[in-house]
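Listed below, chain by chain, are the residues.
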Amino acid sequence: MTKRKYPGELASAQQIHELAEEYRKAAALLVPLGRSGKPLSRAPFRLSAIHAIELYLTALLLHRGHEPNQIRKMHHDLAARAKHTVEAGLRLRAKTANHLQSLSQNREYLIIRYGPEMAATASQINRLTATLEEVAVKVTLLIASSSRTDPQPAATVAGKA
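Anyway, here's the lowdown on the structure attached to this text. Not measured: the values here are computed from a predicted model. (Residues numbered from 1 in each chain as written. Predicted model: local features only at pLDDT ≥ 70, side-chain atom pairs only at ≥ 80, totals over all residues. Heavy atoms only, no water.)

## Quick look at the environment of T131
Looking at the secondary structure, you find T131 in helix α7 (residues 125-145). Taking the relative accessible area as the measure of exposure, T131 reaches 0% and is therefore buried. Along the chain, T131 and A49 lie 82 residues apart, while their C-alpha atoms are 9.0 Å from each other. In this structure, T131 is in contact with I53, T96, H99 and L100, ignoring residues within four places of it in sequence. (Helix = DSSP H or I, 4+ residues; strand = E, 2+ residues; numbered from the N terminus. Buried < 20%, exposed > 50% of the residue type's maximum accessible area, 1.4 Å probe, protein only. Contact = heavy atoms within 4.5 Å.)

Quick look at the structure:
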């Protein structure tokens, strides 16, 4: 019997980046569905946005040579991923870096998934959107700039940037 691979273990950095892009698009479509005064109506956006951020950071780590099982050991800790991506060349604004820390410390990924009673304590929508956009743009540019040997992804990314 062969040992089963963990889902995503064989995925390339480009595939994870493409998945992150899809979650970012989904998050953008979900924003208008949120209703004022109804924090739970924003949960689908938050989950998609936080997951997209995690995927972008993961894509960069894979791109820079980190092993999938080491990344998986970080669980959903965006602060840990952010720390390693800074070492991989990602430079985020202080507000964004602080927000990634806050997302981890406040366990927002778990709150959004399982804690409807705590939905009102989550990050501001504007802050989460800004964090997602900054991470998406900067990771995309970093991956594209170091992938110049593969013209198709660089051209695709250049068209998006």
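## Side note on the packing of helix α2 (residues 43-63) against α7
The geometry of α2 relative to α7 is characterised by a closest axis approach of 10 Å and an angle of 25° between their N-to-C directions. When the axis of α2 is compared with that of α7, the two are roughly parallel. Here α2 and α7 pass one another in a crossing that is left-handed. Judged by residue contacts, F45, R46, A49, I50, A52, I53, Y56, L57, A59, L60 and H63 of α2 engage I125, L128, T129, T131, L132, V135, A136, V139, T140, L142 and I143 from α7. For the contact of α2 with α7, the residue count by class is 17 nonpolar, 4 polar and 1 charged. (Axes fitted to C-alpha atoms, helices over the stretch in contact; angles between N-to-C directions. Parallel < 35°, antiparallel > 145°, perpendicular 65-115°, else oblique. Left-handed = near helix turned anticlockwise from the far one by under 90°. Nonpolar A, V, L, I, M, F, W, Y, C, P; charged D, E, K, R; others polar.)

No statement about biological role is implied by the geometric values presented.
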